[in-house]
Amino acid sequence: MANQYNYDVLYLGSGHGTFDGAIPLAHSGVKVGIIEEDMIGGTCPNYGCNAKITLDAPVALTREVEQLQGIVEGQLSINWTKSEAHKQDVIKGLPGMIGGLLKDSGIDVIHGKGTFKDNHTVLVDGQPKTAEKIVISTGLRPHRLDIPGTELAHDSRAFMSLTKLPKQIAIIGSGYISMEFATIANAAGANVTVLMHGDQVLRNFYHPYVAQVVKDLEKRGVKFVKNAGVSSFEKSGDQVEVHYGDSRTLTVDWILDATGRIPNVEKIGLDKIGVKYNQHGIEVNDYLQTSVDNIYASGDVIDKAQPKLTPTAIFESTYLSKRFSGQINDPINYPVIPSVVFTSPRIAKAGLSIEEGKEKSYQIETNYLPDDWYRQVDNETIGDNSMVFDKQHHLVGVTEVSEQAENVINTLLPAIEFKFGPAELNRLVYLFPSIGSAAWTQLS
Ligand SMILES: Cc1cc2nc3c(=O)[nH]c(=O)nc-3n(C[C@H](O)[C@H](O)[C@H](O)COP(=O)(O)OP(=O)(O)OC[C@H]3O[C@@H](n4cnc5c(N)ncnc54)[C@H](O)[C@@H]3O)c2cc1C
Ligand SMILES: NC(=O)c1ccc[n+]([C@@H]2O[C@H](COP(=O)([O-])OP(=O)(O)OC[C@H]3O[C@@H](n4cnc5c(N)ncnc54)[C@H](O)[C@@H]3O)[C@@H](O)[C@H]2O)c1
């Protein structure tokens, strides 16, 4: 590649939208640089998936013990301080591990905030770093409510760093972060109130299944306030008041603002160089190329129809790596990308939704999971799934609510992605008994 620049490819941001692709790219002989202003590895390992799932592990355990009460005797309780410390132990090595992989691949990691000077130059602390191609992979940051007292609220990162769990917690919003953190905080003993923007929780998931999760959380003491209309936060001694609705007040110890995440597109010089973006992120074509030819985007910062999740970011950075190293010239062809909300029970889905299946008049088979013998092993009491089949009876979508939904969806993904028919299904021999075998059995 060209050598009038410092790098062949320079990435802005070091999350999954970058490193999964940058490492093989560097191994192919391409000179790669990465600019990162915060922790190496970005949101997922440090402030997202890995951190969250570690805090979720004790919740899953308490739920299993609860289901088997009587067989297993005695209640479990979660020691929040130790759980938080365990989370820190689990994730603290990740940035060093990822940084080591980058270094071993010959990648230069430049610490600092990058801003474009021109379409081949990024400034870091006033120092120019030049490259033939630049990939913007700056991710998302928490949206903060624009109301009086907003500085009194906190984000998901702050929640996962709490060494002591507040007694009374208000969560604003009812999306992914709200529901997962309400589940964790409630199980660890906090009184949680969710103040909703509208009247729907997790609006992108199948409502009857979401309703089961909400009902269970309510049974456990979580309160939901629909159409709350939160208008301000105010300090009140050691506590904080949430003003909402028609002059109503909720006094709590801690507020989580979980009202969404917005793209990091401002103050990095995009207007100056002509990279087009909107409130959903950077606009790209089917090659992940922005409105400026030599500049690409990857991961959450892209304005796209696919879910803004780690697997999507990994797929995109890997696609760019293959393209930059000359292995492919085709446009990006996304596979089926599943998604899961780590509530208890979880809700997970892949492929066509139940609503989309109905619109196409596809066959929808539903299963009440507590009737399945394998779920009775754990005494699972909540569980449904719906499988959508096309006219040739290929599985094209699954949605499930159950404690093991993420594993069922992962198991069935190949059937959806590769359109398994009877011939393929008949060749599958799976380990028995297992959640995977329970999932495949429903297909046969
Ligand atoms: C609480 C939480 C839980 C989540 N749980 C899951 C989950 O269970 N499963 C899942 O699939 N996804 C989950 N996600 C989403 C997942 O974390 C993201 O999809 C993923 O991290 C996207 O990777 P990315 O590289 O696009 O962005 P990021 O990982 O956000 O990386 C962007 C990086 O760019 C850096 N940066 C930004 N601007 C600049 C600049 N100007 N100069 C230098 N560096 C810059 C940032 O510091 C950051 O490190 C979760 C997210 C959150 C917040
Ligand atoms: N399990 C996972 O994969 C996982 C977990 C956490 C986060 N994530 C990722 O992070 C993203 C962000 O999660 P999130 O929960 O912050 O966003 P979200 O989009 O899922 O939910 C945002 C919530 O805030 C509400 N809201 C929006 N504006 C509001 C306002 N002005 N006042 C009150 N409420 C308002 C919305 O109605 C919605 O309920 C997700 O979309 C997902 O990409 C994924």
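Up top you'll find the structure we're talking about.
The rules behind these values
- Residues numbered from 1 in each chain as written.
- Chains lettered and ligands numbered in written order.
- Predicted model: local features only at pLDDT ≥ 70, side-chain atom pairs only at ≥ 80, totals over all residues.
- Heavy atoms only, no water.
- Pairing = 2+ DSSP bridges.
- Helix = DSSP H or I, 4+ residues; strand = E, 2+ residues; numbered from the N terminus.
- Axes fitted to C-alpha atoms, helices over the stretch in contact; angles between N-to-C directions.
- Contact = heavy atoms within 4.5 Å.
- Phe/Tyr/Trp six-rings, centres within 6.5 Å; stacked < 30°, edge-to-face > 60°.
- Buried < 20%, exposed > 50% of the residue type's maximum accessible area, 1.4 Å probe, protein only.
- Parallel < 35°, antiparallel > 145°, perpendicular 65-115°, else oblique.
- Left-handed = near helix turned anticlockwise from the far one by under 90°.
- Patch = residues over 30% accessible without salt bridge, like charges linked within 9 Å, V, L, I, M, F, W, Y side chains within 5 Å.
- Areas by Shrake-Rupley, 256 points an atom, 1.4 Å probe, with all protein chains shown as cover.
- Salt bridge = Lys/Arg side-chain N within 4 Å of Asp/Glu carboxyl O.
- Near = heavy atom within 4 Å.
- Polar contact = N/O pair within 3.5 Å; in protein donor to acceptor, adjacent residues only side chain to side chain.

Undergrad: Tell me about the sheet that holds strand 9 (residues 191–195), and please be specific about residues and values.
TA: Ordered by their spatial adjacency, four strands build an open sheet running 10-9-8-14, and the pairing between neighbours is parallel. The sheet terminates laterally at strand 10 (223–225) and strand 14 (254–257), the two strands that pair on one side only. Mean inter-strand twist for the sheet, computed between neighbouring axes without regard to direction, equals 20°. Relative to strand 9, strand 8 (residues 168–172) is paired through five bridges, and the arrangement is parallel. Counted as the bridge partner of I171 is V194 from strand 9. Packed onto the sheet, helix 7 (residues 176–187) meets strand 8, strand 9, strand 10 and strand 14 and runs at close to 165° relative to strand 9.

Undergrad: I'd like to hear about the packing of aromatic side chains, residue by residue, with values.
TA: Considering all chains together, one arrives at 10 aromatic pairs under this definition. Geometrically, the ring pair formed by Y206 and Y209 is edge-to-face, given 4.8 Å between the ring centres and 90° between the ring planes. Note on accessibility: Y206 and Y209 belong to one class, buried. Each ring, one from Y296 and one from F324, has its centre 4.9 Å from the other, and the planes form 80°; the classification is edge-to-face. Taken together, the residues span a long stretch of sequence, with Y296 in strand 18 (residues 295–297) and F324 in helix 10 (residues 310–324) at a distance of 28 residues. Of the two residues, Y296 and F324, both sit in the buried class.

Undergrad: Report on the packing of helix 3 (residues 49–67) against helix 7, specifying residues and quantitative values.
TA: Relative orientation of the contacting elements helix 3 and helix 7 amounts to 55°, with a least axis distance of 10 Å. By the criterion of interaxial angle, the relationship of helix 3 to helix 7 is oblique. Between helix 3 and helix 7 lies a crossing of left-handed hand. Taking contact as the criterion, the partners of K52, L55, D56, V59 and R63 in helix 3 are, on helix 7, E180, F181, T183, I184, N186 and A187.

Undergrad: Just give me the short version of a nonpolar patch on the surface, but keep the residues and values in it.
TA: On the surface, a nonpolar cluster with roughly 360 Å² of combined accessible area is contributed by W373, V377 and F432. Mapped onto the elements, W373 comes out in helix 12 (residues 373–377). Overall, the relative accessible area of 45% leaves W373 in the partly exposed class.

Undergrad: Which residues make up the site of ligand 2, and what values go with them?
TA: Lining the immediate surroundings of ligand 2 are 18 residues, of which S174, I177, E180, K308 and V340 lie closest. Contact between ligand 2 and S174: an oxygen atom at 2.8 Å from a main-chain N or O atom of the residue. Between G260 and ligand 2, the recorded distance is 3.2 Å, taken from a backbone N or O atom to an oxygen atom. Calculation on ligand 2 without its partners gives an accessible area of 850 Å², and the protein chains cover 76% of this total. It is helix 7 that provides the largest number of residues to the shell around ligand 2, a total of three residues.

Undergrad: Can you explain the sheet that holds strand 23 (residues 395–402)? Please cite residues and give values.
TA: Read across the open sheet, the five strands follow the order 19-20-23-22-21; overall the sheet is antiparallel. On the outer flanks of this sheet lie strand 19 (339–341) and strand 21 (363–368), each paired with one strand and no other. Each adjacent strand pair in this sheet contributes to an overall mean axis angle of 10°, direction not counted. Taken together, the six bridges between strand 22 (residues 384–389) and strand 23 define a ladder with antiparallel strand orientation. Of the residues in strand 23, the one forming a bridge with F389 is L395. Set on the sheet, helix 8 (residues 207–219) makes contact with strand 20 (346–351), strand 22 and strand 23; between it and strand 23 the angle comes to about 15°.

Undergrad: Kindly report on the pattern of salt bridges, identifying the contributing residues and their values.
TA: Tallied over the entire structure, the rule returns 16 salt bridges. Salt-bridge contacts for K31 lead to D108; the nearest nitrogen and oxygen are separated by 3.8 Å. Of the two residues, K31 sits in the loop between helix 1 (16–27) and strand 2 (32–36) while D108 sits in strand 3 (residues 108–111), which places them 77 residues apart along the sequence. Judged by relative accessible area, which is 34%, K31 ranks as partly exposed. Notably, a salt bridge pairs K133 with E132, separated by 3.8 Å at the nearest N-O pair. Within the structure, one salt-bridge network assembled from shared partners comprises E66, D216, K219 and R220.

Read these as geometric descriptors, not functional statements.
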